[in-house]
There are 2 protein chains.
Amino acid sequence: DIVPIKRCLISVSDKTGIVELCTVLQNNYNIELLSTGGTAKKLRDSGLTVIDVSDFTGGAECLDGRVKTLHPKIHGGLLAVRGNEAHSQDMITQEMKYIDMTILNLYPFEETMKRPNVTFEQCIENIDIGGPSMMRSTAKNHVSTTIVTSPDQYSMLLNELASTNGGTTLKTRKCFASNAFCLSAKYDSMIASYFESQLAIDNAAEEATASLSQVVIPRVYKPEFELKYGVNPHQKPASILSLQGQSLPFTVINGKPGYTNLLDAANAYQLVLELKQATGLASAASFKHVSPAGAAVAVELTDIECQAYEVTEETRASLTPVSLAYLRARNADPMCSFGDFSAVSDIVDEQTALYLKKEVSDGIVAPGYTEDALEILKKKKGGKFIILTATPGYTPPVQEYREVYGMTFQQKRNDVVLTSKHMETIVTDSTKCAPITDAAIRDMIVASICVKYTQSNSVGFSKNGMMVGVGAGQQSRVDCVKLAGRKVQTWYLRQHPKVLALPFKEGVKRQDRVNARVRYIEGDFTVEEKLRWNEFFTDVPAPLTQSEKEEFLKQSTGIAISSDAFFPFRDSIDHASKLGVSYVAQPGGSVQDGNITEACNEYGIAMCMTGVRLFHH
Amino acid sequence: DIVPIKRCLISVSDKTGIVELCTVLQNNYNIELLSTGGTAKKLRDSGLTVIDVSDFTGGAECLDGRVKTLHPKIHGGLLAVRGNEAHSQDMITQEMKYIDMTILNLYPFEETMKRPNVTFEQCIENIDIGGPSMMRSTAKNHVSTTIVTSPDQYSMLLNELASTNGGTTLKTRKCFASNAFCLSAKYDSMIASYFESQLAIDNAAEEATASLSQVVIPRVYKPEFELKYGVNPHQKPASILSLQGQSLPFTVINGKPGYTNLLDAANAYQLVLELKQATGLASAASFKHVSPAGAAVAVELTDIECQAYEVTEETRASLTPVSLAYLRARNADPMCSFGDFSAVSDIVDEQTALYLKKEVSDGIVAPGYTEDALEILKKKKGGKFIILTATPGYTPPVQEYREVYGMTFQQKRNDVVLTSKHMETIVTDSTKCAPITDAAIRDMIVASICVKYTQSNSVGFSKNGMMVGVGAGQQSRVDCVKLAGRKVQTWYLRQHPKVLALPFKEGVKRQDRVNARVRYIEGDFTVEEKLRWNEFFTDVPAPLTQSEKEEFLKQSTGIAISSDAFFPFRDSIDHASKLGVSYVAQPGGSVQDGNITEACNEYGIAMCMTGVRLFHH
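Conventions used here
- Residues numbered from 1 in each chain as written.
- Chains lettered and ligands numbered in written order.
- Predicted model: local features only at pLDDT ≥ 70, side-chain atom pairs only at ≥ 80, totals over all residues.
- Heavy atoms only, no water.
- Axes fitted to C-alpha atoms, helices over the stretch in contact; angles between N-to-C directions.
- Helix = DSSP H or I, 4+ residues; strand = E, 2+ residues; numbered from the N terminus.
- Parallel < 35°, antiparallel > 145°, perpendicular 65-115°, else oblique.
- Contact = heavy atoms within 4.5 Å.
- Nonpolar A, V, L, I, M, F, W, Y, C, P; charged D, E, K, R; others polar.
- Pairing = 2+ DSSP bridges.
- Salt bridge = Lys/Arg side-chain N within 4 Å of Asp/Glu carboxyl O.
- Buried < 20%, exposed > 50% of the residue type's maximum accessible area, 1.4 Å probe, protein only.
- Arc of directions from axis to C-beta.

(A) Structural context of the packing of helix H4 (residues 72-79) of chain A against helix H8 (residues 130-140) of chain A. Residues and elements named next belong to chain A. One way to put it is that H4 packs onto H8 with a least axis distance of 8 Å and a crossing angle of 25°. Relative to H8, H4 is oriented roughly parallel. Touching Ile74, His75, Leu78 and Leu79 of H4 are Ser133, Met134, Ser137, Thr138 and Lys140, all from H8. When grouped by side-chain class, the residues that make up the contact of H4 with H8 number four nonpolar, four polar and one charged.

(B) How the structure looks around the sheet that holds strand S3 (residues 32-35) of chain A. All names here are of chain A. If you trace the five strands from one edge of the open sheet to the other, you get S4-S3-S2-S5-S6, paired in parallel fashion. Strands at the two margins of the open sheet, each flanked by one partner only, are strand S4 (50-52) and strand S6 (146-148). For this sheet the average axis-to-axis angle between neighbouring strands, irrespective of direction, equals 25°. Two elements, strand S5 (residues 101-104) and S6, share three bridges in a ladder whose sense is parallel. Paired with Thr102 across the two strands is Ile147, which belongs to S6. Each of strand S2 (7-11), S3 and S5 is contacted by helix H1 (residues 18-29), which is oriented at about 165° to S5, the strand it contacts most. This element, H8, spans S2, S5 and S6 of the sheet and lies at about 145° to S5.

(C) Structural detail: the pattern of salt bridges. Going through the model one piece at a time under the given rule, you end up with 77 salt bridges over all chains. A salt bridge links Glu403(B) to Arg219(A), with the nearest nitrogen and oxygen atoms 2.8 Å apart. With one member in each of two chains, Glu403(B) in strand S16 (residues 399-404) and Arg219(A) in strand S8 (residues 217-227) form a pair that bridges those chains. Residue Glu403(B) shares its accessibility class with Arg219(A), and that shared class is buried.

(D) Spatial organisation of unusual backbone geometry. Along the chain, Lys236(A) connects to Pro237(A) via a cis peptide bond; the corresponding omega equals -5°. Along the polypeptide, Pro237(A) turns up in the loop between S8 and strand S9 (238-243). In the segment running from Ser456(A) into Asn457(A), the intervening peptide bond is cis, with an omega of -15°. Tracing the backbone through its elements, the reader meets Asn457(A) in the loop between helix H18 (438-452) and strand S18 (459-463). Even without a glycine there, the phi angle at Asp64(B) is positive, about 55°.

(E) Spotlight on helix H9 (residues 154-164) of chain A. All names here are of chain A. The set of residues buried in H9 consists of Tyr154, Leu157, Glu160, Leu161 and Thr164. Buried residues in H9, looked at end-on, bunch into an arc of 125°, giving them a common side. Exposed side of H9, more than 90 degrees from the buried face: Asn159, Ala162 and Ser163 are the residues found there. Looking one or two residues beyond H9, the residue adopting positive phi is Asn165, at roughly 55°.

Below, the structure is given as C-alpha cells:
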C-alpha cells in the first residue's frame, strides 16, 4: 500500500519548515513541485524549481486569481482513480497529469476574525475557497494521494518518505485524510459561528430568524490532555479538551489531575473568586465530590476556635489572610475535608503551603504560588500533589453544553455573583428579629455563594465568615436543613470544654484525633467500636451527655443560613430555630412565603429574600 | 440590497419540490437554469429548459464527471465581485457568465454510512467534492449570490422572489450563507467522525496514532427545542439539542419539561432499564434533583407495608407489576418523593396512572402508555403533567462531552450493568455471616444500580426489592451511611404499631399525613410546631419514645447496603450494624479491605466485592 510521490501541489500561508521540506522532496526524491504566489516565490528564492499552477492548468490569470486552482486539471489530477482504464485514457486525452500529494494550510480565518476593528467584509474575504477544495479532493482520494495540512506533520512525512524511498503508506494517508476533514469541519464551524454571531447582531432589534439560521450548532474541541479514566476506572478513554479559540482555565504545574479533581477545581475556584469579589477578603474552599466540605473568608480566629482547630499560638501569630481562609475552610468539617481538593483566591504563600503540608489533600488551584510555597507543595504526596495555576484574565464561555444519555443540555452559565446588594430585602419584623450587622451580611453572602456551588438541593450554615455546615444533594429541603444542622452541632460542640480537654495519648495522628472527637460528640458507639476508641486516650473519657450537649448548644447564636431555593414549608425554619440560626437568606417565591416569614418572626430570625435561585447540577 | 436572480445552478439529490420551484423560477422570473445529470433530466422531463453544466463550461466530459463543476467558469461565475471593473473585464475576456444562485444538496454521506454492510470504499465514494465547493463559493459571495441548501428554504425563497419581483434580500442571503457553512461543517464533521471510527478499528490492535488523528473533535448539535430556562430562571437561553445523526432518547408527548426534569428523566430511565435487565422484574424510580428518592422492582407487599403505605385491600388486589414497582419506589421516602419525576420500565397501565394521579408529581418517562393511562395522566396538574415516551431501540452515544467553566470533560459513559454476576465474590466468613439468599442478591443489585445513578458519594439501603434509604451527595462515606441510615430507620418505624394507629382527623391531606408521621417518628418538635402538629389528630397521640423506637428497630434485619466506592474505614460498617444490615455490596480496593471484612464478620454481615466503582457526577 505504498504510493510513490512524483508530483506535489503546495500552497501554504504558514511557511514554517516548508523550504526545508520541499528541498528534500525535490533533491532526494525528485518530486515535481507545483505552486502559486508567495509559496512559489519563496521556494524559487531558495533555489528550487517550481511549476506555476497556471502553467500546469493552462488557465488564464483572471479574477485576481480567485479561481486558479478550481480547475479540472488540478482536481482531475487529484481525484482520478489510479488503475482505472477509462480514467487513464481521459488523463491522456485531456492532457491531465496525476498529482500525488497536496501540502497546504487554509487562509487564517480565525486569526482575521479576532483582529481588533476587523470588518465583516475583511472576514468574509478571508474565507478560503480553493484550499478546502484541494484538501477535500486529496483526502477523499487518500487511497492514492497524500494530504498534508500542518507543519506538525512534516517530520512524520519525512520519516515515511525515508523508509519507503519516496512514498507514503496507506495508514498515514488515511490518518492525514482524517485530519484534513477535521480541519475542514473546524474551519467551517468557525465561519458558521462567526455568521451566527453576526446574524445575532443584525437581528438584535428585529424579529429573530434564529430558528432558520440554527440548522446545526458545531462545537469544536481541541484535545488538551488524556485522563487516566473518567469518573470511574472502567470509563476509558477520557480526556480534557478546550473549546476552539479558548484557553483552558487552569494550567497543570504538578501532578496528574483526574476527572473529578478537575470538576472540583472548576467549582471550587469559581467559588473563591466570587467570595473574594463579594467580600474583598482572601477566600478558600475545600471540596470533596464536587461540593464544598468547607469554605471561608479571612476572618480572625477566636481563642476557643484556636483550641478546637489545634492552632498553636505560634501558628496563629504567623497566619496570613490566605492561610487563615484555608484554615477556616478546612475546619468546617475536617472529617469530610480528608483528601480534599482546595482552592484559594490569592497567591499561595509559605504559611498556606506549610499548613496544607500537614493535611491529607489531593490538590490545589490558585492564581499563583510563591517560590517557597511551590517548593513545599511539589514535595507533598511523594511529588504527586496536584497543583493548578489559574489562567490570568480568564473568561469562561457564556453558553455551556452537556451531553447526558444522548441529550445535549445547553444553558447560559450561572454568572450571577451574590453580593451585599442581594441582602437588602429584609422581609421580617425588625422589632422582633436579630439586627442585621455587617457580619451577618458577610455570613449570608458566604453561605449563598457556597450553596451556588453545592449539589442541589442544598442549604448552608455560616458563622465568622465560614461555612459551618453544608447540606448537599438532598431530595427535600428540610433534609438539607437537618443534615447541615447536624454538621453545625458537631462543629459547635467541637468547642465544648469536655471535647477540648480529651486526653489523647501522644502519637495519635491528627486525623484520628479529628475523627475521635466527632465520634465522642456523636456518642452512638457500638460495643466493638467503643473499645477501639478508648485506646486513643490516657484515661477513658466520661461521655458527653445529651443534656450537656443541649446546654452548650443553647449558647450558639448568630448563625446565618442560606438556601439554594425557597422553603416550601415552615418545617425548615422550625428546625433551624433549634440550631442558633439568627439570619436566613433565600430566594423567596413560594406560596408559603408568608408562613415562612411568620415562622421567622416567631423565632426572632431575620430573613432576607435574595430573589436569586441557586440550584446547581 | 436586493439582487435580481438571472441564472441559477441546480444540483440536488433530494428532489422534493425542485420541479415546482424551478417552474416558478423559469416561468415567472425568466431565470436561466444550469444543471447536470439526474436533476437536469427531471427538470427537462417536466418541460423546463435546462442548460447542461458541460455546455456552460465547454469542458469535456471526463473522469466519470467527477470534476465537471470544479471549473473556473462555474466558480468564476459565482465568485466574481460584482461592480469590480477588472473582474467585469475578465468575465468578458474569459467568456464567463455570472451565476446568481445555487440550489443544491450534498451527496448523502450520513445515510450511506449508516447502511447495513456498507464498505469503507462505498462511504468514501459518497464524499461530495463538487457540491461543497459550489456551496462555499456561493456562500462566501453572498453579498451578490444566493445559496439554497434545503427544500425547507424553498417557501421562504419563493416569498422573497415574489416580494422583490425575482430577487433576494441581503438579510436572506446572509442567513442562507450561514446555513451553508453550518451544513458544510456538519457534513465534514460527520466524515471526520467516520474516519476517526475507522482509524480506531484499524489501530485497535496496534499502537494508536490517536493523538495524531485527533487534531480537533467536532461535535455537531441540532437544536430540538427551547427550554424556558436552564437550571435556574436567570440562566437563559437554554435548549435541548440532539447529536448529529442521533435521535433523542425521549419524545415529549405532554407538558413542557425543564432542564432538571430532563436530567432526572435521563438518569431515572437508565436506572429502571438496568433494574429490569438485571432482575427481570418491572421497575420504577422516583427522582428529585438528579438522585433517586426511591426506586424498586415489583416485589409483593407485606401486610404491614400495605398499612404503612396506605394501600387498601381493593388497591392491593388490583396491583399490576408496574404499578407495584412505582408504589414501592414512591414509598421509600414519600416526603422526598413529593413533586418527583418518575420512570418505569414497562408500559404504563391504568392502575399505575390511577396511583400517580393521587400523588404530587412533575412527570414520568416510560416505554409507552395504554390509552386509558394516557388519558388519566394528560389531565394531571391541569394538563401540565410531563409525559415522555422513550425512543424504541435507543442506543446512547458511547462518548460523553461536558463543558464546565470552559473545560470540556470527555469520557466513556458508565455502561456497566450490575447483575448477579457482580455479586459472586463473597469475602466474609460464611459460618459467621448471614446466608446469601436470592432475595439478598436481588436487593444488593437494586441498591447497587440505584447508587450508580445517585450523586456521589452515595450509599443505598434496600429491602424487599426496594430502596429504603439513599445517602446522596455527601463529602464522606460514613456521612452517607448515617444519612441513609436515618432514612432507613424512618422507613422502618413507619411500620411501628403506634405510627400505624395515629388517629388522623378526617380530611387531613395525604401528604400532610405522610409528613406528620415522619415528624412523629423524629419527635424533635419545637413548641410552636408541636401545637400545629396536634391539630391533625382527633386525640393528641402519646409520643413514640426513644426506647420504643430502639426496641422496634431491633426487629429490623436482612437489609442490604451498597456503596458507590470502597469503605475507607470500618466506621461505616460499625454504623450499618446498628441498622439491621445483613448484606454489603461494595467495589473493594481499599488498603483497609481486611479490616472492613473483619468488621463484617464481627457483626455477622455478609459482604460481596463487586469490583466496580460507581461514582456519579
